[in-house]
Amino acid sequence: MTTKRENWIKTTCAYCGVGCGVEAQVQSYDELGNARVKVRGDKTHPANYGRLCSKGLALGDTLVGEGRLLHPSIHGMRASWDHSLDYVAKGFRKIIDQHGPDSVAFYVSGQLLTEDYYVANKLMKGFIGSGNIDTNSRLCMSSSVAGHKRAFGTDTVPNVYADFEQANLVVMVGSNLAWCHPVLYQRLVAAKSQRPSMKIVVIDPRKTDTCSLADLHLPIKSGTDVALFNGLLAAVVASEAFDKEYVDRHVEGVEKAVAAAKVDAPSIEETAELVGVSCDDLACFYDWVIETPKTLTLYSQGVNQSSAGVDKVNAILNTHLVTGRIGKPGSGPFSVTGQPNAMGGREVGGLANTLASHLEFDDEEARERVSQFWKAERLATAPGLPAVSLFDAIAEGKVKAVWVMATNPAVSLPNADAVKVALESCELVVVSDCVSKNDTLNFAHVALPATGWGEKSGVVTNSERRMSRQRALVPAAGEAKPDWWIISEVAKRMGYAEAFDYQSAAEIFQEYAAMTGLAAQMGRDLDISPLKLMDEEDYNAMPPQQWPLKSPDSHTQHKRFFSEGGFFTPDARGRCIAVSYQEPKTATSNEFPLILNTGRLRDQWHTMTRTGLPPKLNAHRPEPELHVHPLDAKAESIVEGSIAEVSSSVGRLRVRVRFTLDQRRGEVYMPIHWSDANSSDGRVSQLVTPEVDPISAQPESKFTPVAISPW
Ligand code: SF4
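For every chain, the first residue of its written sequence is number 1, and the numbers climb from 1 along that sequence. With the structure being a predicted model, the display of local features is reserved for residues of pLDDT at least 70 and the display and counting of side-chain atom pairs for 80 or more, all residues being used for whole-chain, interface and lining totals.

Draft legend 1. Summary view of the site of the ligand. To decide whether a residue is near a molecule or strand, its C-beta atom is placed from the backbone and checked for lying within 6 Å of it. Every one of the 14 residues lining the ligand counts as a neighbour, but Cys13, Cys16, Cys20, Cys53 and Gly56 are closest to it. At the level of secondary structure, the elements contributing two or more residues to the shell around the ligand comprise helix H1 (54-57) and helix H7 (182-194). Mapped onto the domain boundaries, the shell around the ligand takes at least three residues apiece from domain 1 (4-62) and domain 3 (143-336). Each helix is a run of H or I in the DSSP string that is no shorter than four residues. Each strand is a run of E no shorter than two, and both are numbered from the N terminus. Boundary definitions for the domains trace back to an automatic or database domain assignment.

Draft legend 2. Local environment of the environment of Leu282. Checked against the element boundaries, Leu282 lands in helix H12 (residues 279-291). Counting other C-beta atoms within 10 Å of its own, a residue is labelled buried from 20 upward, exposed at 12 or fewer, and partly exposed in the gap between, with every C-beta atom placed from the backbone. Assessed through the 24 C-beta atoms surrounding it within 10 Å, Leu282 is described here as buried. Between the C-alpha atoms of Leu282 and Asp571, which are 289 residues apart in sequence, the distance is 36 Å. Any two residues are considered in contact once their C-beta atoms, placed from the backbone, lie within 7 Å. Beyond its immediate sequence surroundings of up to four residues, Leu282 is in contact with Ile268, Thr271, Ala272 and Val277.

Draft legend 3. Main features of the sheet that holds strand E17 (residues 401-405). Two strands pair if DSSP finds at least two bridges between them. One open sheet accounts for seven strands, arranged E6-E5-E19-E18-E17-E7-E8; its pairing is mixed. Two strands close off the open sheet at either side, each with one partner strand: strand E6 (77-78) and strand E8 (133-135). As paired elements, E17 and strand E18 (residues 428-433) share five bridges and run parallel to each other. Considered in E18, the bridge of Met405 is made with Ser432.

Draft legend 4. Structural detail: the packing of helix H8 (residues 225-237) against helix H10 (residues 254-264). An axis is simply a line fitted to the C-alpha atoms; with a helix, the fit covers only the stretch in contact. Between two such axes, the angle follows the N-to-C directions and lies from 0 to 180 degrees. Close contact between H8 and H10 brings their axes to 8 Å; oriented N to C, the two are set at 120°. Here H10 runs oblique to H8, going by the angle between their axes. Relative to H10, H8 is oriented so that their crossing is left-handed. Between H8 and H10, the residues in contact are Val226, Ala227, Asn230, Leu233, Ala234 and Val237 and Ala257, Val258, Ala260, Ala261, Lys262 and Asp264, respectively. Our angle categories are set so that under 35 degrees counts as roughly parallel, over 145 as roughly antiparallel, 65 to 115 as roughly perpendicular, and the remainder as oblique. The hand of a helix crossing depends on one turn: near helix anticlockwise from the far one by less than a right angle means left-handed, and clockwise means right-handed.

Draft legend 5. Looking closely at the nonpolar core. By convention in this section, buried Ala, Val, Leu, Ile, Met, Phe, Trp, Tyr and Cys residues joined through C-beta atoms within 7 Å make up a nonpolar core. Core analysis: the biggest nonpolar cluster contains 203 residues, and Ala120, Val170, Leu233 and Val402 have the highest contact counts within it. Looking at this core, the element that brings in the most residues is H8, giving 10 residues. Excluding residues within four positions of it along the chain, Leu233 makes contact with Ala257, Val258, Ala261, Asn318, Thr319 and Val322. Ranked by size, the runner-up nonpolar core spans 24 residues in total, among them Val646, Leu653, Ala707 and Ile708.

Take a look at the structure:
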């Protein structure tokens, strides 16, 4: 495959987990060295077939020098790379020698490329000897990871994007696809316009833009998804949709799961009452699922970001396991990830509770083989701290050095003011990023400039397990370096020169590919080992391809999992998990009577460090707003368009109020993007309480009790 045609370079979008293929052409440079880059969708990429959303189309406008971190600094003073890398290595070494490997941590990001992620994971888990590397993907899809592992034995996404076009019923749960994964939404719009008989159901407390495509919208009470899907499980096992043959051959745990479901859902009337929708609508949804073998259930952060996130995931997976509707054309459960390389991070082991390459800490043989593969100095033997606990441990002084890479936890983590206090107290804070200004950089003792999109080169994996290349288009800004290079240089200075003597991203990817072969030998799902034979030229030309890969050129397949069983459990059978509806961990009260939900806007990404640059993206929503049902606002004497104070048990802020009937009574909504760096008062995470799911440790970002009052 050619990657250049008339100087158009094939690359991949920097933003969401759809992973759209992009073609970019550098047209000129201005006198400041800013590139003028034209961008269009890659018609050959199987994620988007030429489509791009507003954010993808504006990628070229983000390649400007404005706001870039251009050189390393120590305590705010410009420093050479050599000095800065020595400083970081010596700082980490000293703290590890004095307090042990668990006194340090890395907090990384779904914005990193697979090669960066791999090297960071190898350094922390294989050489420093701690599991303390976690990723901001913890906030995004760790509940799906845990749910997959409970049901399938591995973190496996069974289906592929082509199923969007082949399904007869698409159920979207906790997903505003139209805004958060716009190109997948465009694919659904096109499929439905070609085949109007295709039905769409949206399950979401809010009436979002996604609902404009829906035949049925179920505006359930926040947090009641388990009850809804337990009701569905009880209904399908009593119907012709129950696939006894598939269950007998391939699934365990059905009886217990159904018994638990029936406790939650003794009758459809009681389920409808509990979840807060009409009985007729609920019955309609259940009937449509029962009568539609080609049902695809697509879910996202409304499911994952919950203190019952893993149970919600398994409640959904249960309904597919008992109907045998999994891994088949047009039918299966589908977790849509948030970030461009959340999947790549999951794959290499970027979560604190995974060892590497879908191999787990509790498997002694896996630990032994990983240790041998890496020639590890000191392999971590147990999971490290997940994000929220990690920053608690920093506040408590247990973790004394943290290296934050390509993420902004002072804005994105719940109880964000406490995160700032934790960073303030930390002995050594290293931040590598491509921007010069964000809330986390304010606490950096060492700031290291990393290359950004358009400058860096490597691999990302999208939600359908498809690996695509990001390719460099323009020279690095200032003294910026690739993350893998920065991490490797620190590793060398810590005494691990041989293991981190990488000359290129290609070399790292080959090593990672070889490691997946080891995982495959141990019966894991992830295998891209044929790619270990790629040379630099092959790597540079690598087309988008889905794992597992049986040969280097098997990228034309649409590989699905589990249609004929073959789960990655010891007995190769899938697991229905008995789950029960639990109230969210925090409850509303007289003091905090409303539920705060948070989420993304259509034209912004995370903390706006890139999407905040193009004026056309800012025009969509120029300032943060709190969406409130008019009756809830009037009850507090709040006027449309006025500024209100919003408070929770952990913080308060002021924000403009927008009335909308799209909100349920008793629930309010605010976007996640604003921070102290780009707004005087819009950092919603300072309100979000740090409750987490007990299994996945994913924060409950969709359910915080708050109060509102006029300001
Ligand atoms: Fe980029 Fe996602 Fe938009 Fe595709 S849908 S162009 S990956 S932001």
